[in-house]
Amino acid sequence: HFYPPTSLMQSARTMLQGLLPACCALCGDSACKDVLCDACIAQFIHRHSVRCPVCAVTMASSAANQICGACMTEPPAFDATVVACEYEPPVDHLVQDLKFHARLALAPMFGRLLAQSFKPHDIHADCITGVPLSAKRLAQRGFNQAGEIARSLSRHTGIALRLQVCVRVRDTQ
């Protein structure tokens, strides 16, 4: 893949923002300089709840950095889960807009939010990948939303992107 130099990308972004001013994807604030305004990020994204470091289930505030009972009883096949935000209204609508309405401008935001969530957890990974779509679904949609988020996450973390390491072998719902 060829990625233009950062300075070129920044110049293009600045030019586009001048021509097509952004507005917040949640509240519609036209003074917003990004996909979400600061108020919506504070209200819907940066919620600090105590979570199991393995599965990310919400736990009582007294259980900080403790593994939940389910993960202790039957440890999953993965080491950690990072959550950028709650999958609930109105954020779930943004995910659905990306996935089903091709609002590709949301993918870099989700990647950036995930990257910010990595930092406090000191996550180390060999590579980042996205859950692949079947060939049929990819042809219908024209893009893989998980791959687009993974691409942004890779850029923000410096962790290698490997979209070809997993293959979907059957079409599922």
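Refer to the preceding data block for the structure.
A. Up close: the nonpolar core. Judged by nonpolar contacts, the single largest core of 21 residues is most densely connected at Leu36, Ile45, Leu98, Leu106, Met109 and Phe110. Take this core: its biggest share by element is 5 residues, from helix H5 (residues 106-118). Core analysis: the next-biggest nonpolar cluster, separate from the first, contains 8 residues, Val82, Phe118, Ile128 and Leu161 among them.

B. Inspection of the packing of H5 against helix H7 (residues 145-157) at higher detail. Across the interface, H5 lies against H7 with an axial gap of 7 Å and an inter-helix angle of 45°. The orientation of H5 relative to H7 falls into the category oblique. Judged by the twist between their axes, the crossing of H5 over H7 is right-handed. Residues Ala107, Pro108, Phe110, Gly111, Arg112, Leu114, Ala115 and Phe118 of H5 form the contact with H7, whose own contacting residues are Glu148, Ile149, Ser152, Leu153, His156 and Thr157. Here the contact of H5 with H7 is composed, by residue class, of 8 nonpolar, 4 polar and 2 charged.

C. Representation of H7 within the structure. With 13 residues, H7 extends 18 Å from end C-alpha to end C-alpha; this agrees with the ideal 18 Å at 1.5 Å per step. By the burial criterion, the buried members of H7 are Gln145, Gly147, Ile149, Ala150, Arg151, Ser152, Leu153 and Ser154. For H7, the secondary structure elements touched by its buried residues are helix H4 (91-101), H5 and helix H6 (135-141). For H7, the capping residue at the N-terminal end is Asn144, with a side-chain oxygen 2.9 Å from the backbone nitrogen of Ala146. After H7 finishes, the residue Gly158 shows a positive phi value of roughly 80°.

D. Region of the structure containing the side chain of Ser134. Examined against the element boundaries, Ser134 turns out to sit in the loop between H5 and H6. A relative accessible area of 6% means that Ser134 is categorised as buried. Here the side chain of Ser134 touches Asp171 through a polar contact of 3.0 Å, side chain to side chain. Setting aside anything within four residues of it in sequence, one finds Ser134 in contact with Arg168 and Asp171.

E. Local environment of the pattern of salt bridges. This structure, assessed with the given rule, holds 4 salt bridges. In this structure, Arg51 and Glu86 form a salt bridge, with 2.0 Å as the shortest nitrogen-oxygen distance. Placement of the pair is Arg51 in the loop between helix H2 (38-45) and helix H3 (69-73) and Glu86 in the loop between H3 and H4, with a sequence separation of 35 residues. Between Arg103 and Asp97 there is a salt bridge, with its nearest N and O atoms 3.2 Å apart. Given a relative accessible area of 36%, Arg103 falls into the partly exposed group.

F. Broad picture of the environment of Leu98. Mapped onto the elements, Leu98 comes out in helix H4. Sequence spacing of Leu98 and Asn144 is 46 residues, and the spatial spacing of their C-alpha atoms is 9.8 Å. The residues contacting Leu98, other than those within four sequence positions of it, are Arg103, Leu104, Leu106, Ala107, Phe110, Phe143, Gln145 and Ile149.

G. Quick peek at the packing of H4 against H5. Following both chains from N to C, one finds H4 and H5 inclined at 130°, their axes separated by 9 Å at the closest point. For the element pair H4 / H5, the angle class is oblique. Where H4 crosses over H5, the two elements pack in a sense that is left-handed. Contacts between H4 and H5 pair Val91, Leu94, Val95, Asp97 and Leu98 from the former with Leu106, Ala107, Met109 and Phe110 from the latter. In terms of residue class, the contact of H4 with H5 is built from 8 nonpolar, no polar and 1 charged.

Rules of the game
Residues numbered from 1 in each chain as written. Predicted model: local features only at pLDDT ≥ 70, side-chain atom pairs only at ≥ 80, totals over all residues. Heavy atoms only, no water. Core = buried A, V, L, I, M, F, W, Y, C linked by side-chain atoms within 4.5 Å. Buried < 20%, exposed > 50% of the residue type's maximum accessible area, 1.4 Å probe, protein only. Helix = DSSP H or I, 4+ residues; strand = E, 2+ residues; numbered from the N terminus. Axes fitted to C-alpha atoms, helices over the stretch in contact; angles between N-to-C directions. Parallel < 35°, antiparallel > 145°, perpendicular 65-115°, else oblique. Left-handed = near helix turned anticlockwise from the far one by under 90°. Contact = heavy atoms within 4.5 Å. Nonpolar A, V, L, I, M, F, W, Y, C, P; charged D, E, K, R; others polar. Expected span 1.5 Å × (residues − 1). Polar contact = N/O pair within 3.5 Å; in protein donor to acceptor, adjacent residues only side chain to side chain. Salt bridge = Lys/Arg side-chain N within 4 Å of Asp/Glu carboxyl O.

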